[in-house]
Amino acid sequence: MSRNDVYQPVPGEENNPRWHFLHPSPSAAESVPMKSVDGEYASPLFPQPPGSRFSDRRHVDYILTYHRKAGGDQQKPPKTRYSLVRELRRSMRSSKAALTPKDPEINAQEQIEDHHEDDQQRRRNNYEQQLLEAGLELETHEGRNIPGVVFLKIHAPWNVLCREAEFMKVKMPTKKTYEVKQGSNIVEKIRQLIHKVTAPLHPKVSVTQPQDKKFLSHPFSREKQHLFDLSDPEKFFDTKTRSSIVFEVLKRTKCTEDKYPMGITSLLANGVYSSAYPLHDVNVEGVNAEPNDRKLLYEEWASYSVFYKYQPIGLIRKYFGEKVGLYFAWLGVYTQMLIPAAIVGVIVFLYGCATVDDNIPSMEICDHRNNITMCPLCDRACSYWKLVTACGTARASHLFDNPATVFFSIFMSLWAVLFMEHWKRRQMRLNYIWDLTGFGEEEEDHNRADYELEVMKKCEKQRHSTTKDEKVKLTCTDRLPAYMTVVAMMSFMIMVTFVIVFATILYRISIKAALHMSNNPSARSNIRVTVKGTASVIYIVIIIILEEIYGTVTRWLTTLEVPKTDKSFEQRLIIKNFIVKFVDAFTPLVYLAFFRGRLVGRPGNYLYVVGTYRMEECAHAGCLMELCIQLCITMLGKQLIQNNLFEIIIPKVKKRLRKRKSFTDPKHEQELNSTMQRHEKDHILGPFVGLNPEYMEMIIQFGMVTLFVASFPLAPLFALLNNIIEIRLDAKKFVLEMRRPIAAKAKDIGIWYNLLRGLSKVAVVINAFVIAFTSDFIPRLVYQYTYSPDGSMRGFVNHTLSHFNVSDFEPGTAPVEPMHLGHKVEVCRYKDYREPPWSSTPYELSKEFWVILAARLAFVIVFQNVVMLMSDFVDWLIPDIPKEISVQIHKEKLLMVEHFMKEEQGKGLPTRDSYIQDNFSAARHSSPQPRSRLTHT
């Protein structure tokens, strides 16, 4: 059925008394011409109409805005006697002004601007005429409180809503309800028990229907209106659905004024319109505010006082749409799953605190009787030092480097799998509740305007070489220059990150040498803390600034590729942003975990970079402590700076600047704000930029929680505390600070699930290498069961230290103050497994080194395979679809067919048999769903 076809009633349907109310006569259903509230068509009954209504009280479904210069004519009303007089006077004034001499350059510039303004107005007139032909009703309103901004109100009448809902296959609830039987297995009973126990934690949101009842839903059809409850047509399509339908019409309608047709996206990009958005509900703040969904969200969701409560996911979906609802549902599940991970992480940390006094290696380091002299940490400026001075670092390192961290790494790997499985089941439950089980199987995504423009240009070039029936599309050859640019720019941005990390390394090396040369005792006593802390903070600040720049570059690169659909554009953009942000966040962590201290060399034969810079060494307790500090500072720094600066301060500053720009008189800002209409208040709010930044922030956090969790067991606790604040912060932003987004449908979180699954797999490998190569877990095991005389850890510190004869220093590298300790040093110690200077092969790698290396590699292989096997077993054990949901989906299909047959019984409509046949064939040939343990017989 064509979208513009006039609806013909089903035989017998026009006898229904409700038919004449829902379908008035053609003259009454005709779309009203576009009006101007400030012009001659303004209704005298409503001189200042509410922002969410037309002047005659019709509902506003969408808003388009554009700017116009002061004094410029936009919608010209029909000429009357008075308008002709005004036009004559205006022409006389313009003729007088023409006699005044004017700068030719200024005059030419004004003519160009006027021509551009006329060109934009011509496009608007053409596009709005196309909207009128599509059945939409328009009304302009020039902002009296916001000078220079014109608001175009759009209303979709009932016949357009029905036509587009049928075309979009919008599922609407029918009159039929059925009882939802709860599962009787143990898991379901436990879930119901938990739901009752946690009843005080649920938001106080009124439920429109009982949980044990559900409406049957069916794609809306004008020929099957008898299936739906149309007693109140004003409320049949809610505001979310109405705005989605209007947006679909806006995307499909083209401006044909120029050589190439332009849709709403191109018109916004070219400045023909400045913004497009649906309206929020009425005000939420104040005692006298009307009850509405937005006010309820503000009170029960976007408030820090309800941080301990669950989110009203159903109401979020009702107001913002399924895509936004799925994001907050996923964020809620992720935050809930962090609770057990945080508890276990705290227990592991407390275990380290409780056993630190019993740890023999740290006790040996802190024992003054050992009197071990260590080699200098840098050339010339650094002198010899006593191992006992590293006592504090050794004790602190045991808090995170103990046998419990191995258990915690295995636990977190299984936790990641359980989180993914739990989310899949939760997602399927939401799909059933929200009637999304069949969504996406027959959906066809629209081509992007940029893609169609490039295809038109290609058609013109190949006009004589292609036939009419041949379909033209962009190929990989057409996109080859763009792909090469993408590869080059992505490689450049990654190299910039590597250069910054290398610069940070040089900073640490030079600052450490400078502090060693300082005469200030306090500076010399806190060298490690000062160097690590300042370097980490500097790196975080630089990276956060670069990420903002990289975000703009990746969007430009994605635009160059000219993706065919919005979904393809979003996926390509997400992959580019993820690669850049992942490299930015984890490059310093990878360096600390796997490279620092391994590319050093040995005393007398150190490795130098950029001339005289000696590579960094790990502390005696290992690099795990430094990795922990870097991860802690990165998590806290990024979360605090991004949450406070980019999500609170900067949006408020932008909103304030928009208000300053909108209001001509700041002194009367408060007064004007109280008289502003709904569409004017929404215009001042920030535009909705999508969910990608929110998802990306959480994905990077998930990586920090899982990838290097062996070095920082408190990472889940920090993530949990951050997410509790993040949920309410995002809620307040969606409800109060941003324009209402288009209610987009989605049945899953898309490519983000694949990224999460990939990170959980990589986390197993990285944690295996961290435990094996970064911590001292494997060397301790090898020493205890191979080299220890009594099977204990006594003598482990001495076993890990090699000897060096100070006479073997290279010229110019020996300490300037060799008597710093008060006595002459002949042999110093350094951490490595090498032969002593008195052996036949001095300073060569010893046999212990190769034994420990073999043990480390064996541990990586065993750990990786065991954890992967356990993860796959858990994945297999838990079905993706809950059994009761699978039963209800099957039951709903049968009930829908039965209800359809009963409703049409006796009417003799020919669509009955075809409907039954279509439903059974669709059920038989439907795309395979995720697996379930249920088998139908």
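Here is what the cut-offs are and how they apply
- Residues numbered from 1 in each chain as written.
- Predicted model: local features only at pLDDT ≥ 70, side-chain atom pairs only at ≥ 80, totals over all residues.
- Heavy atoms only, no water.
- Helix = DSSP H or I, 4+ residues; strand = E, 2+ residues; numbered from the N terminus.
- Buried < 20%, exposed > 50% of the residue type's maximum accessible area, 1.4 Å probe, protein only.
- Contact = heavy atoms within 4.5 Å.
- Axes fitted to C-alpha atoms, helices over the stretch in contact; angles between N-to-C directions.
- Parallel < 35°, antiparallel > 145°, perpendicular 65-115°, else oblique.
- Left-handed = near helix turned anticlockwise from the far one by under 90°.
- Phe/Tyr/Trp six-rings, centres within 6.5 Å; stacked < 30°, edge-to-face > 60°.
- Lys NZ or Arg CZ within 6 Å of the ring centre and 35° of its normal.
- Nonpolar A, V, L, I, M, F, W, Y, C, P; charged D, E, K, R; others polar.
- pLDDT = per-residue confidence, 0-100.
- Core = buried A, V, L, I, M, F, W, Y, C linked by side-chain atoms within 4.5 Å.
- Polar contact = N/O pair within 3.5 Å; in protein donor to acceptor, adjacent residues only side chain to side chain.
- Disulfide = S-S within 2.5 Å.

Quick look at the overall build of the protein
Right, so step 1: Helices and strands together make up the secondary structure of the protein, namely 31 helices and 15 strands.
Right, so step 2: In the protein, which comprises 937 residues, the proportion classed as buried is 47%.
Right, so step 3: Residue pairs in contact within the protein that sit at least 24 positions apart in sequence constitute 79% of those at least 6 positions apart.

A look at the packing of helix α27 (residues 777–787) against helix α29 (residues 847–877)
Right, so step 1: Following both chains from N to C, one finds α27 and α29 inclined at 120 degrees, their axes separated by 10 Å at the closest point. Compared by their axis directions, α27 and α29 come out oblique. α27 and α29 meet at a crossing whose hand is right-handed. In this structure, α27 contributes F777, I778, P779, V782 and Y787 to the contact, and α29 contributes E848, V851, I852, A855, R856 and F859.

Let's talk about the packing of aromatic side chains
Right, so step 1: Going through the model one piece at a time under the given rule, you end up with 45 aromatic pairs.
Right, so step 2: Seen in terms of ring centroids, F220 and F236 are 5.8 Å apart; in terms of plane orientation they differ by 55 degrees. Their pairing is tilted. Separated by 16 residues along the polypeptide, F220 in the loop between β6 (213–219) and α7 (233–236) and F236 in helix α7 bring together distant segments of the chain.
Right, so step 3: On the accessibility criterion, F236 (11% relative accessible area) is buried.
Right, so step 4: Considering the side-chain rings of F320 and F734, the 5.7 Å spacing of their centres and the 85 degrees angle between planes classify their relative orientation as edge-to-face. Of this pair, F320 sits in helix α11 (residues 313–320) while F734 sits in helix α25 (residues 715–737), and the two are 414 residues apart along the sequence.
Right, so step 5: Here the guanidinium or amino end of R614 rests over the ring plane of Y606, the centre of that ring lying 3.6 Å away.

Considerations on the packing of helix α12 (residues 322–355) against helix α15 (residues 403–433)
Two numbers describe a pair of packed helices, the interaxial angle and the distance between the axes.
Right, so step 1: Where α12 meets α15, the closest approach of the two axes is 10 Å, and the angle between their N-to-C directions is 160 degrees. In this view, α12 runs roughly antiparallel relative to α15, as classed from their interaxial angle. When you trace α12 past α15, the crossing you get is right-handed.
Right, so step 2: The class makeup of the residues in the contact of α12 with α15 is 22 nonpolar, 3 polar and 1 charged.

What to know about the confidence of the model for the protein
Right, so step 1: When pLDDT is averaged along the protein, the result is 79, and 78% of the positions lie at 70 or above.
Right, so step 2: Mean pLDDT in the protein bottoms out at helix α2 (residues 26–29), which sits at 36, and peaks at α12, which reaches 93.
Right, so step 3: In this model residues 90–102 is a low-confidence stretch, pLDDT under 50, and it forms 2 contacts with partners more than four residues away in sequence or in other chains.

Looking at the nonpolar core
Right, so step 1: Judged by nonpolar contacts, the single largest core of 121 residues is most densely connected at W330, Y334 and F708.
Right, so step 2: At 15 residues, α12 tops the list of elements feeding residues into this core.
Right, so step 3: Not counting residues up to four positions away in its chain, the partners in contact with F708 are F586, L589, V590, A593, F594, L627, L631, G703, I766, N767 and V770.
Right, so step 4: Of all hydrophobic cores here, the second largest spans 36 residues; its members include L152, A156, V160 and M262.

Structural notes on the side chain of E616
Right, so step 1: Of note, E616 is situated in the loop between β13 (613–614) and α21 (624–662).
Right, so step 2: For E616, the side chain forms a polar contact with the side chain of R508, separated by 2.8 Å.
Right, so step 3: Of note is the side chain of E616, whose polar atom sits 2.8 Å from the side chain of Y591.
Right, so step 4: In contact with E616, other than residues within four places in its own chain, are I505, R508, I509, Y591, R596, G597 and V600.

Some points on the state of the cysteines
Right, so step 1: Summed over the entire model, instances satisfying the criterion amount to 3 disulfides.
Right, so step 2: Here C366 connects covalently by a disulfide to C391, the sulfurs 1.8 Å from one another. With the S-S dihedral at roughly 95 degrees, the linkage between C366 and C391 falls on the right-handed side. In this pair, C366 is assigned in helix α13 (residues 360–366) and C391 in helix α14 (residues 391–398), connecting sequence segments 25 residues apart.
Right, so step 3: Linked covalently through their sulfurs, C375 and C828 form a disulfide whose S-S length is 2.0 Å. Handedness here is read from the sign of the S-S torsion; for C375 and C828, about 85 degrees, the answer is right-handed. On the criterion of sequence distance, the pair formed by C375 in the loop between β8 (373–374) and β9 (385–386) and C828 in strand β15 (residues 827–831) is long-range, its members being 453 residues apart.
Right, so step 4: Just so you know, C628 is unpaired, no disulfide at all, and the nearest cysteine sulfur is the one on C632, 6.4 Å from it.
Right, so step 5: With a relative accessible area of 3%, C628 lands in the buried category.

Some points on the environment of M374
Right, so step 1: Of note, M374 is situated in strand β8.
Right, so step 2: Sequence separation between M374 and K386 is 12 residues, and the spatial gap between their C-alpha atoms is 5.9 Å.
Right, so step 3: When residues no more than four places from it in sequence are discounted, the contact partners of M374 are Y384, W385, L387, L801, C828, R829 and Y830.

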